[in-house]
Amino acid sequence: MDTPPSPPAAERTDGSAVQIGALVPLSRPGWVEAGRHLLAGLELAVRDVNDAGGIVGRPLELVVRDTAADPRKAVAAVDELAGLGVAALAGEYHSVVARAAAARADALGLPFLCSSAVLDGLTEQPTEWVARLAPAQSHGWQIYADFLLGAGHRRIAVAAESSVYWAAGTRILRDHLAPRGGTIIELDLRAFAPTAVCAELVDNRVTALLLLVGYPEPAVSIVKSVRRDRRLAQIMIGAPAGQPEFAEWATLLGEDGAAIPFLRYLPERLGPLGVRVEAALDERLAQAPSFVAFEGYDTVAVLAEALRSHGVDRVRDAGFWPRVAVEGTRGQIQFSRVPGISVWQWAWTPIQVVDRDPAQPDRFRILHTG
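Criteria and cut-off values
- Residues numbered from 1 in each chain as written.
- Predicted model: local features only at pLDDT ≥ 70, side-chain atom pairs only at ≥ 80, totals over all residues.
- Heavy atoms only, no water.
- Helix = DSSP H or I, 4+ residues; strand = E, 2+ residues; numbered from the N terminus.
- Rg over C-alpha atoms; globule rule 2.2 N^0.38 Å.
- Buried < 20%, exposed > 50% of the residue type's maximum accessible area, 1.4 Å probe, protein only.
- Contact = heavy atoms within 4.5 Å.
- Areas by Shrake-Rupley, 256 points an atom, 1.4 Å probe, with all protein chains shown as cover.
- Pairing = 2+ DSSP bridges.
- Axes fitted to C-alpha atoms, helices over the stretch in contact; angles between N-to-C directions.
- Parallel < 35°, antiparallel > 145°, perpendicular 65-115°, else oblique.
- Left-handed = near helix turned anticlockwise from the far one by under 90°.
- Nonpolar A, V, L, I, M, F, W, Y, C, P; charged D, E, K, R; others polar.
- Salt bridge = Lys/Arg side-chain N within 4 Å of Asp/Glu carboxyl O.
- Polar contact = N/O pair within 3.5 Å; in protein donor to acceptor, adjacent residues only side chain to side chain.
- Phe/Tyr/Trp six-rings, centres within 6.5 Å; stacked < 30°, edge-to-face > 60°.
- Lys NZ or Arg CZ within 6 Å of the ring centre and 35° of its normal.

Observations regarding the overall build of the protein chain
For the protein chain, the helix and strand inventory stands at 10 helices and 15 strands. Computed over the C-alpha atoms, the radius of gyration of the protein chain is 20 Å, within 12% of the 21 Å expected from 2.2 N^0.38 for a compact globule of 370 residues. Considered along the principal axes of its C-alpha atoms, the protein chain spans approximately 65 × 40 × 40 Å. Evaluated residue by residue, the protein chain yields a buried proportion of 57% over its 370 residues. Residue pairs in contact within the protein chain that sit at least 24 positions apart in sequence constitute 69% of those at least 6 positions apart. Summing over all exposed atoms, the protein chain offers an accessible surface of approximately 14,600 Å²; the carbon and sulfur share of this is 51%.

This is how it looks when you write it as structure tokens:
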């Protein structure tokens, strides 16, 4: 599918605007709903920055490119955006795509603030050019593992597709659970259909099944199969990667999609800025905003402050990340070096384990915080 055109204003080349390149999954096989929420947050923040005077009197503009969950498209977009002279890059949801974009941005010396991707190894080597708002996968998924242990789960199956991201998640869970008495049983979905997964869960006497799979398929089919199998009435289904966060999940699964715990990156209560942004995002999206929309907003808020404080010329911006401090929608944002993480990292955004309430599937219950 061809890349959707950017808004006309984003293509202006008269030099009057400061441009930020936005990498967003807006077409399949990308997670389109996540991309829509991410873009809504980015766009709302740009509007707010411009209402407050822009970047030292110059308007801020987004140049949007669809990555479609394709690393090659992302690399091509980074090259194009660098050629257009954008001051920085923002966005991306899919970890494998963000990794490709980060490597290219690092090679070009172009600042990139990754909004949502969590893969620990976002770049092969430490870089001064790339920073991240979302928590590293090892941090968030260890919190999820602690939730599983606290809920009494010791025999846990993971239904996993083949990817660097899912393999990393499985390894994090196993390494954290094994010393604490937990066991991970891997179900490679190249070998098991959804109905066969059910038989494996029974045979292995597991109490929890984690979906380390793509969305909507095969995640939706697996949930339906497990929910309809009377032998598995007591099993907990979990989705640490956050598939149930978006409204489409509830639409596709109804009651079957409730009581499936997942990771969400929000505080228990939003502050005044978060409350205001939440209301504006709700209006823009015509639905409750996900945490991904807040990530988008915070991304532009950070980049705008960096551009105001350190200049638009990206060559002078190397190493500016640790000197940025911004009040975001979910707390004070600052960046530091975290052991084992190659990019500048906000350590850490608030983390919750939540699920959809079976009595009211559009309502979330907070089960655990970290």
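Some details on the sheet that holds strand β2 (residues 60–66)
Strands sit in the order β2-β1-β3-β4-β5-β13 across an open sheet of six strands; the sheet is parallel. Looking at which strands have only one partner, the edges of the open sheet turn out to be β2 and β13 (344–345). The pairing of strand β5 (residues 130–132) with β13 spans two bridges and is classified as parallel. Among the inter-strand pairings, alanine 131 is bridged to a residue of β13, identified as tryptophan 344. Sitting on the sheet, helix α1 (residues 32–51) touches β1 (18–24), β2 and β3 (88–91), and the angle it makes with β2 is about 165°. This element, helix α2 (residues 71–84), spans β1, β2 and β3 of the sheet and lies at about 150° to β2.

A few points about the packing of α2 against helix α3 (residues 95–108)
Viewed as axis vectors pointing N to C, α2 and α3 meet at an angle of 30°, and their least axial separation amounts to 8 Å. Between α2 and α3, the crossing angle belongs to the class labelled roughly parallel. For the crossing formed where α2 meets α3, the hand is right-handed. Packed against α2, whose contacting residues are Pro71, Ala74, Val75, Val78, Asp79 and Ala82, the element α3 presents Val96, Val97, Ala100, Ala101, Arg104, Ala105 and Leu108 at the interface. Counted by class, the contact of α2 with α3 contains 11 nonpolar, no polar and two charged residues.

Thoughts on the pattern of salt bridges
Scanning the entire structure with this criterion turns up 16 salt bridges. Between arginine 330 and aspartate 298 there is a salt bridge, with the nearest N and O atoms lying 3.0 Å from each other. In this pair, arginine 330 sits in the loop between β11 (325–328) and β12 (331–334) while aspartate 298 sits in helix α10 (residues 291–310), placing the two residues 32 residues apart along the sequence. By relative accessible area, arginine 330 is classed as buried at 4%. Each of Arg47, Asp48 and Arg276 takes part in salt bridges that share partners, so that together they form one network.

So, the pairing of β12
Pairing geometry for β11 and β12, over four bridges, is antiparallel. Its bridge partner being in β12, glycine 328 is matched across the sheet by glycine 331. Linkage of β11 to β12, two consecutive antiparallel strands, is achieved through a turn of two residues.

Considering the side chain of threonine 170
Among the structural elements, threonine 170 can be located in helix α5 (residues 164–177). Setting aside chain neighbours within four positions, we find threonine 170 in contact with Val158, Ala160, Ile184, Glu186 and Leu212.

Quick notes on unusual backbone geometry
A cis amide bond links arginine 28 with the next residue in sequence, proline 29, at an omega value of 10°. The topology assignment puts proline 29 in the loop between β1 and α1. The omega angle of the peptide bond from tyrosine 215 to proline 216 is 5°, so this bond is cis rather than trans. Assignment of secondary structure puts proline 216 in the loop between β8 (208–212) and α7 (219–227). With a phi close to 50°, valine 56 is a non-glycine residue in the positive phi region.

Structural notes on the environment of aspartate 66
Residue position: aspartate 66 is located in strand β2. We classify aspartate 66 as buried; its relative accessible area is 2%. Taking C-alpha positions, aspartate 66 is 9.1 Å from glycine 30, a pair spaced 36 residues apart along the chain. A polar contact of 2.5 Å, which involves the side chain of aspartate 66, links it to the side chain of serine 27. Looking at aspartate 66, its side chain comes within polar contact range of the main-chain nitrogen of alanine 68, at 2.9 Å.

Remarks on the packing of aromatic side chains
When we look at a pair of aromatic rings, we describe it by the centre distance and by the angle of the planes. Throughout the structure, instances matching the rule amount to 11 aromatic pairs. Between the aromatic rings of tyrosine 265 and phenylalanine 291, the centroid separation amounts to 5.0 Å while the plane-to-plane angle is 70°, which identifies the pairing as edge-to-face. One end of the pair, tyrosine 265, is in the loop between β10 (262–264) and α9 (272–285); the other, phenylalanine 291, is in helix α10, with 26 residues separating them in the sequence. Under the relative-accessibility criterion, phenylalanine 291 is labelled buried at 5%. Ring centres of tryptophan 321 and phenylalanine 335 lie 5.6 Å apart, and the angle between their planes is 70°; this geometry places the pair in the edge-to-face category. With tryptophan 321 in the loop between α10 and β11 and phenylalanine 335 in the loop between β12 and β13, the pair connects residues that are 14 residues apart, well separated along the chain. Exposure class is identical for tryptophan 321 and phenylalanine 335. Each is buried. An aromatic cluster of at least three residues, connected via ring pairs, comprises Trp31, Tyr93, Tyr215, Phe246 and Trp249. It is arginine 337 that lies over the ring of tryptophan 344; its NZ or CZ is 4.1 Å from the centre.

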